[in-house]
Amino acid sequence: KMTADGLKRWDAYLRGLKAMRGRQKSTEGVGELSASTLSGYHSKLKRLLSLAVREGVLKQSPYDVWKPELKKVRYDIVDYLSEDELKTFLEWSPKTVTEKKAKDLFTFQCFTGLAFADTQKFDISNYKKENGKWIATARRIKTGVPFVNVLLPPVVGVLERNEWKVPKMCLDWYNEVLERIGKRSGMSIKLRSHVARHTFATMMLRNGVKIENLARMLGHTNITQTQRYAKVLAMSVQEEFEMIENKMFH
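Residues numbered from 1 in each chain as written. Predicted model: local features only at pLDDT ≥ 70, side-chain atom pairs only at ≥ 80, totals over all residues. Heavy atoms only, no water.

### Notes on the packing of helix α4 (residues 97–110) against helix α6 (residues 153–161)
(1) Moving on: Where α4 meets α6, the axes come as close as 8 Å, and the angle between the chain directions of the two elements is 145°. Relative to α6, α4 is oriented so that their crossing is left-handed. Every residue of α6 that contacts α4 at Asp 104, Thr 107 and Phe 108 is listed here: Pro 154, Val 155, Val 158, Leu 159 and Arg 161.
(2) Moving on: For the contact of α4 with α6, a count of residues per class yields five nonpolar, one polar and two charged. (Axes fitted to C-alpha atoms, helices over the stretch in contact; angles between N-to-C directions. Helix = DSSP H or I, 4+ residues; strand = E, 2+ residues; numbered from the N terminus. Left-handed = near helix turned anticlockwise from the far one by under 90°. Contact = heavy atoms within 4.5 Å. Nonpolar A, V, L, I, M, F, W, Y, C, P; charged D, E, K, R; others polar.)

Rendered as structure tokens:
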């Protein structure tokens, strides 16, 4: 049975793990597990132990006795690339095969809005070509929510370079390579997988896509999830007005 002491030991074990490079089984790893990965492991175990309590297998969840120190993952923060930054990223030339894979995968996400898990399950056979466009209605891996997807020219370019497949990478390794690419290409924010999805969403809204349609593109369960992108753009416009006011009238 899992006890508070056992939970502490498991937490220590997780914090000692290293993210692996793709499917490589080397024990060296490439860096510590991310805060979101660590929180995800604890979240799954906590739900399982809560179920065990409800079913009478355990009298008490060890999480009620001891709580691990976890960095709060902020889902309300939206980091995204501006149009100029996205253009700079697309023009940046990778130096290694790994960087090329990461750039292609990030580009794929930026122009499809797909979450990382959905990119790794991508199958071109699920798409039908209609009027010269690749179109599909599928379900998100994480939530099972339907979404509509059309492959834009940059996405088709990525697929053509990779034999109509999406590059496969371990999420932690992918994020580490992206961070390195971001620094070398002069990005103003830390590049991570989720930045691509945010970039897609803000890009669609800036170019006049209705928020209801964006929700379908992203596979959101309700429009409230999508509205945060509109709020971010509104705040960005407000900041631009404030900048002009400070320059011209102070």
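### Here's the deal with the environment of Tyr 229
(1) Moving on: Checked against the element boundaries, Tyr 229 lands in helix α10 (residues 223–249).
(2) Moving on: Accessibility expressed as a relative area gives 0% for Tyr 229, which makes it buried.
(3) Moving on: Separated by 27 residues in sequence, Tyr 229 and Thr 202 place their C-alpha atoms 6.1 Å apart.
(4) Moving on: Contact partners of Tyr 229, with chain neighbours within four places excluded, come to Val 78, His 198, Ala 201, Thr 202, Leu 205, Leu 218 and His 220. (Buried < 20%, exposed > 50% of the residue type's maximum accessible area, 1.4 Å probe, protein only.)

### Points about the packing of helix α3 (residues 83–91) against α4
(1) Moving on: Contact geometry for α3 and α4: axes closest at 10 Å, N-to-C directions at 145°. With respect to the hand of their crossing, α3 and α4 are arranged in left-handed fashion. Contacts between α3 and α4 involve Leu 86, Phe 89, Leu 90 and Glu 91 from the first element and Lys 103, Phe 106, Thr 107 and Cys 110 from the second.
(2) Moving on: For the contact of α3 with α4, the residue count by class is five nonpolar, one polar and two charged.

### A look at the packing of aromatic side chains
(1) Moving on: A complete count under the given rule lists five aromatic pairs for this structure.
(2) Moving on: Between the aromatic rings of Phe 116 and Tyr 174, the centroid separation amounts to 5.7 Å while the plane-to-plane angle is 25°, which identifies the pairing as stacked. One end of the pair, Phe 116, is in helix α5 (residues 116–120); the other, Tyr 174, is in helix α7 (residues 171–185), and 58 residues separate them in sequence.
(3) Moving on: Exposure remark for Tyr 174: the relative accessible area of 0% places this residue in the buried category.
(4) Moving on: Between Phe 122 and Tyr 127 the ring centres are 5.2 Å apart and the planes differ by 45°, which places this aromatic pair in the tilted class. Each of the two residues, Phe 122 as well as Tyr 127, counts as buried.
(5) Moving on: Grouping aromatic residues by their ring pairs yields a cluster made of Phe 108, Phe 122 and Tyr 127. (Phe/Tyr/Trp six-rings, centres within 6.5 Å; stacked < 30°, edge-to-face > 60°.)

### What to know about the sheet that holds strand β1 (residues 128–130)
(1) Moving on: The three strands are arranged β1-β2-β3 in an open sheet whose pairing can be described as antiparallel. A strand with exactly one partner marks an edge of an open sheet, and here the two such strands are β1 and β3 (146–150). Each strand of the sheet is rotated relative to its neighbour by a mean of 30°, with strand direction disregarded.
(2) Moving on: As judged from the five bridges shared by strand β2 (residues 133–139) and β3, these two strands associate in the antiparallel manner. Opposite Thr 137, over in β3, you have Val 148 as the bridge partner. (Pairing = 2+ DSSP bridges.)

The values are spatial; any link to function lies outside them.
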